[in-house]
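# Coordinate analysis (summary)
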Amino acid sequence: MEENTTYFDETLLNDNVLDALYDMHFEVCTPIQAACIDPIIEGRDIMGVAQTGTGKTAAYLLPVLSLLDDGGFPDDAVNCLVMSPTRELAQQIDQAMQGFGYYLNGISSLAVYGGNDGGRYDQEVAALRKGAAVVIATPGRLISHIQMGNLDLSRLSFFILDEADRMLDMGFSDDILTIAKNIPDTCQTIMFSATMPDKIEDLAKTLLKNPVNVKIAVSKPAEKIKQSAFLCYPPQKLRILGSIFNKTYRLPDAPEDDDMEGTMKRVIIFSGKKQRVKEITRSLRKMKINCGEMHSDLTQAERDDIMFRFKSGEIDVLVATDIVARGIDIDDIRVVINYDVPHDVEDYVHRIGRTARADRDGIALTLVAPEDFYLFKRIEEFLEKEIKKNPLPEGFDKAPDYNAQPVKPASSRGGRGGSRRGGKKQKPVRDRKDGKAKRAKKETKPVNKENQNNKPTNSKRYDRKRKRVRTPQEGLPHDSQRQAD
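Let us look at the structure shown here. Position numbers for residues start from 1 in each chain and track the written sequence from start to end. Only residues with pLDDT of at least 70 are given local features in this predicted model, and only at 80 or more are side-chain atom pairs given and counted; all residues enter the totals for whole chains, interfaces and linings. Hydrogens and water molecules were not included; the side-chain quantities draw on all heavy atoms of the structure.

Here we have seven strands laid out as an open sheet, ordered β10-β11-β9-β12-β13-β8-β14, and parallel in their pairing. The open sheet terminates on both sides in strands that have one partner only, identified here as β10 (291–294) and β14 (388–390). Here the strands of the sheet are splayed against their neighbours by 25° on average, with no regard to which way each runs. Each pair of strands is called paired provided DSSP finds at least two bridges between the two strands. Under the DSSP-based scheme used, a helix requires at least four consecutive residues in state H or I and a strand at least two consecutive residues in state E, with every element numbered from the N terminus. Here strand β12 (residues 335–338) pairs with strand β13 (residues 362–368) via four bridges, running parallel. When the sheet's bridge partners are listed, Val335 is paired in β13 with Ile363. Residues count as neighbours in contact if any of their non-hydrogen atoms are within 4.5 Å of one another. Between N-to-C directions, angles cover 0 to 180 degrees, with each direction set by a line fitted to C-alpha atoms, over the stretch in contact for helices. Helix-sheet contacts for helix α10 (residues 237–245) involve β8 (225–231), β9 (267–270), β11 (317–320), β12 and β13, and the interaxial angle to β13 is about 155°. Sheet strands touched by helix α11 (residues 274–286): β9, β10 and β11. Its angle to β10, the strand with the most contacts, is close to 175°.

Dropping the structure here:
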C-alpha cells in the first residue's frame, strides 16, 4: 500500500457509517473521499472537480449521513438536498443511500424526478411535507414542488450539486439559482463537477463560502480500451454499422479467437441528439438487430424497462444519448460506438469509459464526419496520441481527407434533456481501533443483546496484517465507489 493511503476508520465518520462500509467491504478511501470527508464533517463548503467513477457520491454522502446520524437536526424538515442532472443519477444516489445508511436510525430519503404518474407525484408531496431527511432531485421537478408550496427549504443544512457542469449544460443554471435563493445563509454547500469552465467558477463564487478546493486530475481512458475511428461522410455511417453488425466487416481490434457473435451483443451506440437516436434505432431494427433506445422523451417507467432488459441481456444493443454516459453501472459492455463526436473531451472519456470495466477489454469506435474533424483532433490532443483510423469496409467510396483544413464548429449546447424510511438495523458488537482515530471516543450506544448474534462479530474489521485490503474498485455494489472510469 502507498504511504498516503487513507482508511475509512482514520476519518471522522461515525461508527454506524463505518459498520455499513465494513459490511460492503470498503476499507480504503479514494483520493476524492480522503480529501472531502473530514472537511465536510468540519462544516466547510467544498468545490470538488472529479470525474464520474472516482467515488465522489460517497465523498459527500458518507460525511453528511454521519452528521445526520449524530443528531441535532430537525425531524420534520428537509435537512439535505442533493441536485442531480438526470433521473438515472438521482436513482443511483438514492440506491447508494440504502447501503451507506444501513445502520442509521430513522434517516429517510426521497428521490424526486419527472416522468412519473400522478400517484408518484402525490407520494412525493406527502413525503416532502412530512420532512424527508435527504432529498435527491432533478432541478425541473424540484422547482415544480417549490412553486406549488410543497417544499420548505428554510431549515436546510446541506445543499449538494452533483455533476454541476452537466446541469448547466442542460440549461438548469436559472433553476439552480432559484433554488439557492430558498436556502438559508447558514446552509453548507458542496459542489462537484467533472470540469471547471468559467461558468462553474462563477456559480461557485455565487454559492460557496470560503470553500475547500479539491481537484482530482481528469484521467485518460483505460489502456484496455482499444480506440479507433472511421473517417466517413454522414450518409455512410449507417452502412458502416450494418457492415459491422452483419459481420461482413471484422473489427480490427477484435481478438483473433473472437467470432464477434458475443462481442456485438453487448454494445452501446451514443449520439448527442435524441432524434438521431430514434433514427438509428429504426434503421438497426430494419437490419434485424435486437436493439433498444434511451433518451429523454421516454417516461421513467420506459427508461427503467429498457435498462433492465439491456442489463439482463434481453436487448443486445442500446442506442442512447449521453444520459447513459455518466454513472450507469454496467460492467460487461464489449463495444462503445460514438455515432457522432461529442463536443467535450470529458464526454468522450465518459462515453468510452462504459467499456473495459472490471478488468475486461473493450473496443471504442468513433464515426468521424468532416464537420467533426476539429472536435476529434481536440480529443487526440487531450489523449496525447493519434487514434487509429480504420479503413472503410469494401465497396465504400474514398474516405474524406483528415488533414484538410478543419472548420471550428459553432458551440451549441442546450436543451433539457421513493420515499424510504430507514429503520435502525441491529449491528454487531465490535471494538473500534483507536490507533489512528482523529476524534475523541463517543459514548458507546446500548446494544440489543437479544439480537446481538444476528450478524458475525466485526472485532477485527481493519486487521490489515491478516487480510488483503480491498479497494472500492474490486467487485463492489455501488458505481459511486468505482474507479474504473
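What follows is about the pattern of salt bridges. One speaks of a salt bridge when a side-chain nitrogen belonging to Lys or Arg is within 4 Å of a carboxyl oxygen belonging to Asp or Glu. Summed over the entire model, instances satisfying the criterion amount to 20 salt bridges. When the shortest N-O distance is used, the salt bridge between Asp76 and Arg155 registers 3.2 Å. One end of the pair, Asp76, is in the loop between α3 (56–70) and β2 (80–83); the other, Arg155, is in the loop between α6 (139–147) and β5 (158–161), and 79 residues separate them in sequence. Residue Asp76 is classed as partly exposed on the basis of its relative accessible area, which comes to 48%. Through salt bridges with shared partners, a single ionic network connects Arg276, Asp322, Asp340 and Arg351. Buried residues are those whose accessible area, probed at 1.4 Å on protein chains only, stays under 20% of the maximum for their type, while exposed residues exceed 50% and partly exposed ones sit between those limits.

A few words on the nonpolar core. Take the buried residues of types Ala, Val, Leu, Ile, Met, Phe, Trp, Tyr and Cys, join any two whose side-chain atoms come within 4.5 Å, and each joined set is a nonpolar core. With 46 residues, the main nonpolar core has Phe8, Leu13, Leu21, Tyr60, Leu62, Phe100 and Val134 as its most contacted residues. The dominant element in this core, judged by the number of residues it contributes, is α3, at nine residues. Core analysis: the second largest hydrophobic core is formed by 36 residues, Ala132, Leu142, Leu156 and Met170 among them.

It is worth spelling out the pairing of β5 at this point. Alternating positions in β5 separate into two faces, Phe158 and Ile160 on one and Phe159 and Leu161 on the other, with burial throughout. Where β2 meets β5, four bridges bridge the pair, whose relative direction is parallel. Paired with Val82 across the bridge in β5 is Ile160. As defined by bridge partners, β5 adjoins strand β6 (residues 188–193) across four bridges and the pair is classed as parallel. In the sheet register, Ile160 faces β6, and the bridge partner there is Ile190.

Here α10 lies mainly inside the structure; seven of its nine residues are buried. What α10 keeps buried is the set Lys237, Ile240, Leu241, Gly242, Ser243, Ile244 and Phe245. On its buried face, α10 sits against β8, β9, α11, β11, β12 and β13.

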